[in-house]
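Summary of structural features
These are the residues of each chain, in order.
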Amino acid sequence: MKLMTHNMLTSKGMKNVKEGFPLKIQAEEMRNVDIDYDRDFITRMIPKLDWKALVFAAQCVGHKEDLPDTLPEGYENDNELLKRLHHVLLEVEVVSGCLECPETQRKFPISNGIPNMLLNEDEV
Amino acid sequence: MSMENCRRDWNKVKKKISRCIAILQRDLPDIHISEYPTKHIFIGNAGLTTNADESSLVELITSVGCGLEALTLLPGKQYSFASFTSHDQARTVLVAAHGHLGVQGSTSPVYMAYVDKVPMDPSPIKFRFPPGLSVLEDFVSPKEELLLMNLVDWGASPSTAAQGSVLKHRQVRHFGYEFQYSTNCVDKRQPLAQGMPPAIDFLLRRIVDRGCMPSLPDQLTVNRYLPGQGIPPHVDTHSSFTDELLSLSLGGGVNMDFRYVGGGGSNSSTIEGSKDKPPHYVVYLPPRSLSVMTGPARYEWSHGICPRMTDVVASRNSITGLQLLPRQERISFTFRKIRHGECSCQNARVCDSHGKEQKNSSKDESKRSTSPYELPSDRSAARIEREHVLQVYDQIAEHFSVTRHKPWPQVLEFVLSLPRGSLLLDVGCGNGKYMGHNKQVFQVGCDTSFELMKICNNQGFEVLTSNCLQLPYRDYVFDAAVCIAVIHHLATEKRRLAAVREMVRVLNVGGQGLIYVWAMEQRRGEKKSTYLKQNKEGSVGAEMIKDQNIEEKPSPNYHHDRGVQKNEVVRSGATSLPVHVNRTEFMQQDMLVPWKLKPPKKNESRCERRRCDRGCGVVHGSRSNRSQSSESTVDSPQITNNCDVLPSQENVRCDNCHSKSRKKMVCAESRPDQVFHRYYHVFKQGELESLCSQLNVKVIKSYYDEGNWCIIFQKSS
């Protein structure tokens, strides 16, 4: 699971969960992959991100220092930032571990890089 | 053959039967093997899951002996039982067949043993009638039979206005009123120009004179069944016809299947059948007989004729015993009387009149089919989906993925047309067929099957497991979403709507969604869909259906390979679902579609039993000395999507053949093909649009593509 994906995930499919976002990441095994840097692509992704959640996620997986707490203005011109963003969003992957719902603490396991967000019958 | 070979071969036979016995003893510990001949034979490697069925077993047994009284075949099992009048007769058969002869279509001989008893018989009870059924033999003379058979000219095109009077499975003519198969009822306001033919006046009068019906029938349906043709199980619509249904059989005799679908009530105490399985009776209708269905047989039992080439009937040459009767051309005259007004039976489960005041009386086209399939509750729906979708895909994942490699062009076009930097969701992404095509978008996928998600993951796609009814994504997050061949697996309209609603929820305003679902209409005008075209032989059941294309599966039904498909109804939860015959027109909207699992190639196969040891439960088995097991998913063990199924193992020894291999294990045992049943609700024209119209979306495009109804919509706000 990439952090880009994590940014979109929520546990609010569960009953009694209001937001369910962002999910806390407890990573056991991580890995880095190589993805071609496409500056334009990253620039276009940024407006779609929840920045706070991204920073939170980066923190969870030990990449806190890579990103500023708030998205600076003029980010589109900051190539260094964009490169770090590219890395954190697309190249860092959680292979195994779990995602934790902030409201219920329910854990969603991740194995083989695949989060299991299937809910039980009594949770919906 | 040398003595060594004989001995070695016989050792093999002994080993095989031991393994079969071990399975039996695990399944049914009450049944004991006997060293000495008994009346009952256990057939260890011929059963419903090995493509054997009653016919093929009767054929084998009667070719070497006689006195066969009953066969017991259990669903989901690879073994069966044969019971004889005496132990001598059983012995004759076992000595001749065990280790020597095989069932038609099988490559190995049968392995048999004597047993002290056979299990309670869930297979159809012969020679017993459902309540309300009577069969009057010799209702017409041979001369009259000839006259009636020649009454209808099957060569000429029907003069009625409606299309589809000549059905693919059997030819039909209506007189008096037309029975419409699309809605399963009669349009009472539109009698046909052709009334009852004058030539049968004598018959109509005889029917009233003999007390079969209180007044003259006014609707006649003539069916012509060629060998191999049948009619799916159904209950005649309560509101269309009155209490009595009469069917005159001409030409050949046939076995008719009756199944109780009424769902409990006062009758259940008098009805036999094992727990959880509705009774299934088979009644032989001789030529020139009139069958009369009233009461429960008319209203609460479904009747149908299996499309097959032979019937198993009582033997004519002995007092007891079974024999195989080849089908002959059969013409049936079904006489009915139109009911004016509604049915008052109060049996909600099977009656279309029940609660009719509450139903929306809209245009004729939207009238639902009122066949035995009744709308399941949400919980039943979830159960149907779990057994017949979720669990199935996990088990067929690899094979399924291999057959899903060619993306449909119009879907690809949608994906490729998305602007740079879009976020795209693939709901029910399967093996990732539509992922990775557009490098300019960020794409994520989800599906219920962990096995399929691993296949995606191996290709580097971002995926997760989830149910489309609860998408784990935030609102307004995606620029586009596709949902290809997914929502036809949901068992109620409410759930299908919920799935689309979820898809809309996660889209941005102005975001577009694309949905594809399987269409009921597989034929558009004269043009057949690819799915139908793969049925090269034409009519169902008459000939072998060959596997021409790897997109869909061969030999649609687990009974046997001779091309004869048994049209059956499977009880799933509270609902009866017919089993569709692959590559034929859809006869109903809700059904189970078979998938025959091709066993993995030898070099790549994993030893299933090893897999089971890790608790993933795909195939039942364990480390100890077990024979091949081939559980059907009809009673499949627990599948957990959380299982961490083993990655490729190195240097592991296979329990079965003891061979070692570096990456995966080689299992030399060949397993009989398993068949899985997937639930489908195929969509009628306009149905998908009607779903979308209930949501806040604008329909951009609505079209038909290769047997699918498709829609592109845009989220309005």
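What you are looking at is a predicted structure, and each value in this text was computed from that prediction instead of being measured.

Some details on the overall build of chain B
Counting its secondary structure elements, chain B contains 13 helices and 35 strands. Split into buried and exposed, the 717 residues of chain B put 58% on the buried side. Just so you have it, chain B exposes about 30,400 Å², and 51% of that area is on carbon and sulfur atoms.

Remarks on the packing of aromatic side chains
If you walk through the whole model with that rule in mind, you get 14 aromatic pairs over all chains. When the ring of W518 of chain B is compared with that of F586 of chain B, the centres are 5.0 Å apart and the planes differ by 75°; the resulting orientation is edge-to-face. One end of the pair, W518 of chain B, is in strand β25 (residues 507–518); the other, F586 of chain B, is in the loop between β29 (575–578) and β30 (590–597), and 68 residues separate them in sequence. Given the relative accessible area of 8%, W518 of chain B is considered buried. Put simply, the rings of F42, Y79 and F81 of chain B touch in pairs and so form one group of aromatic residues. Sitting above the plane of the F21 of chain A ring, R474 of chain B keeps its charged end 4.2 Å from the centroid. The side chain of K701 of chain B reaches across the aromatic face of Y703 of chain B, ending 4.4 Å from its centre.

Here we look at the packing of helix α7 (residues 378–403) of chain B against helix α9 (residues 450–457) of chain B
Residues and elements named next belong to chain B. Where α7 meets α9, the axes come as close as 7 Å, and the angle between the chain directions of the two elements is 35°. Of the residues in α9, those touching α7 at Y393, D394, A397, E398, F400 and S401 are F450, E451, L452 and I455. Here the contact of α7 with α9 is built from residues that sort into 6 nonpolar, 1 polar and 3 charged.

As for the pairing of strand β23 (residues 462–465) of chain B
Residue and element names in this part refer to chain B. Burial along β23 is two-sided: E462 and L464 facing one way and V463 and T465 facing the other are all buried. Here 4 bridges tie strand β22 (residues 442–447) to β23, and the two strands are oriented parallel to one another. The partner of D447 across the bridge, within β23, is T465. This β-α-β element, β22 to α9 to β23, shows right-handed connectivity.

Looking at the pattern of salt bridges
Going through the model one piece at a time under the given rule, you end up with 24 salt bridges over all chains. Across the salt bridge formed by R26 of chain B and D27 of chain B, the nearest N and O atoms sit 3.1 Å from each other. Judged by relative accessible area, which is 23%, D27 of chain B ranks as partly exposed. For the salt bridge of K454 of chain B with E451 of chain B, the shortest nitrogen-to-oxygen distance reads 3.7 Å. Remark: E451 of chain B and K454 of chain B occur in helix α9; sequence separation between them is 3 residues, near one turn of the helix. Taken as a pair, K454 of chain B and E451 of chain B share a single burial class, namely buried. Linked through salt bridges whose partners overlap, the residues forming this network are K12 of chain A together with D475, E502 and R505 of chain B.

Remarks on the confidence of the model for chain B
Residues and elements named next belong to chain B. In the predicted model, chain B carries a mean pLDDT of 76, and 73% of its residues have values of at least 70. Under a pLDDT of 50 for its full length, residues 265–275 has, in the predicted model, 11 contacts with residues more than four places off or in other chains. A low-confidence stretch, residues 357–372 stays under pLDDT 50, and its non-local contacts, those more than four residues away or across chains, total 20 contacts. Under the prediction, the complex receives an ipTM of 0.97, its pTM being 0.50.

Regarding unusual backbone geometry
All names here are of chain A. Here the residue pair F21 and P22 is connected by a cis peptide bond, since its omega of -10° sits within 30 degrees of zero. Of note, P22 is situated in the loop between α1 (3–6) and β1 (24–32). Unlike most non-glycine residues, N16 shows phi in positive territory, near 70°. The topology assignment puts N16 in the loop between α1 and β1. According to the relative accessible area criterion, N16 is exposed, its value standing at 71%.

Examining the environment of E103 of chain A
All names here are of chain A. Tracing the backbone shows E103 in the loop between β2 (92–100) and β3 (107–111). Sequence separation between E103 and G20 is 83 residues; the distance between their C-alpha atoms is 6.3 Å. Sequence-distant contacts of E103, that is, excluding residues within four places in its chain, are made with N16, V17, K18, E19 and G20. One polar contact links the side chain of E103 to the main-chain amide nitrogen of E19, over a distance of 2.8 Å. Of the polar contacts made by the side chain of E103, one reaches the backbone nitrogen of G20; its length is 2.8 Å.

Quick look at the side chain of N223 of chain B
Structurally, N223 of chain B is set in strand β11 (residues 219–225). Not counting residues up to four positions away in its chain, the partners in contact with N223 of chain B are W154, R170, Q171, V172, R330, I331 and S332 of chain B.

With respect to the environment of E137 of chain B
All names here are of chain B. Examined against the element boundaries, E137 turns out to sit in the loop between β7 (133–136) and α4 (142–149). On the accessibility criterion, E137 (55% relative accessible area) is exposed. Counting along the chain gives 112 residues from E137 to S249, while the straight-line C-alpha distance between them is 9.8 Å. Sequence-distant contacts of E137, defined by excluding residues within four places in its chain, comprise P286, R288 and S289.

So, the interface of chain B and chain A
Contacts between the two partners involve 32 residues from chain B and, on the opposite side, 31 residues from chain A. For the pairing of chain B and chain A, the buried interface totals around 2,700 Å² over both sides, and the portion due to carbon and sulfur atoms is 58%. Taken together, the connections running from chain B to chain A amount to 5 salt bridges. Taking the shortest distance from any N to any O, the salt bridge between D38 of chain A and R420 of chain B comes out at 2.8 Å.

As for the nonpolar core
Here is a general trend for soluble globular proteins: nonpolar side chains tend to be buried in one another's company. Residues L425, Y473, F478, I487, I515 and F713 of chain B are the most contacted members of the largest nonpolar core, which totals 73 residues. Excluding its chain neighbours within four sequence positions, the residues that come into contact with F478 of chain B are M8 of chain A together with L423, L424, L425, V444, Y473, V506, L507 and N508 of chain B.

Remarks on the sheet that holds strand β4 (residues 80–84) of chain B
All names here are of chain B. Strands sit in the order β1-β5-β2-β4-β3 across an open sheet of 5 strands; the sheet is antiparallel. Across the chains shown, the open sheet's two edge strands, defined by having one partner strand only, are β1 (33–34) and β3 (68–73). Strand direction decides the pairing type here: strand β2 (residues 40–43) and strand β5 (residues 112–115), joined by 4 bridges, are antiparallel. From the neighbouring strand, H40 faces β5, where its bridge partner is V115. Lying on the sheet, helix α2 (residues 54–64) is in contact with β2, β3 and β4; it crosses β3 at an angle near 140°. Sitting on the sheet, helix α3 (residues 87–97) is in contact with β2, β4 and β5, with an inclination near 160° to β5.

Here we look at the sheet that holds strand β13 (residues 245–251) of chain B
All names here are of chain B. Strand order in the open sheet formed by 6 strands is β7-β16-β13-β20-β11-β8, with antiparallel pairing between adjacent strands. Sheet topology places β7 and β8 (171–175) at the edges, where each strand pairs with a single neighbour. Recorded for the sheet is a direction-independent mean angle of 15° between the axes of neighbouring strands. Pairing of β8 with β11, which is carried by 5 bridges, proceeds in the antiparallel orientation. Of the residues in β11, the one forming a bridge with H174 is T221.

Cut-offs and rules
- Residues numbered from 1 in each chain as written.
- Chains lettered and ligands numbered in written order.
- Predicted model: local features only at pLDDT ≥ 70, side-chain atom pairs only at ≥ 80, totals over all residues.
- Heavy atoms only, no water.
- Helix = DSSP H or I, 4+ residues; strand = E, 2+ residues; numbered from the N terminus.
- Buried < 20%, exposed > 50% of the residue type's maximum accessible area, 1.4 Å probe, protein only.
- Areas by Shrake-Rupley, 256 points an atom, 1.4 Å probe, with all protein chains shown as cover.
- Phe/Tyr/Trp six-rings, centres within 6.5 Å; stacked < 30°, edge-to-face > 60°.
- Lys NZ or Arg CZ within 6 Å of the ring centre and 35° of its normal.
- Axes fitted to C-alpha atoms, helices over the stretch in contact; angles between N-to-C directions.
- Contact = heavy atoms within 4.5 Å.
- Nonpolar A, V, L, I, M, F, W, Y, C, P; charged D, E, K, R; others polar.
- Pairing = 2+ DSSP bridges.
- Right-handed = clockwise from strand over helix to strand, strands pointing away.
- Salt bridge = Lys/Arg side-chain N within 4 Å of Asp/Glu carboxyl O.
- pLDDT = per-residue confidence, 0-100.
- Polar contact = N/O pair within 3.5 Å; in protein donor to acceptor, adjacent residues only side chain to side chain.
- Buried area = accessible area lost by both parts, 1.4 Å probe.
- Core = buried A, V, L, I, M, F, W, Y, C linked by side-chain atoms within 4.5 Å.

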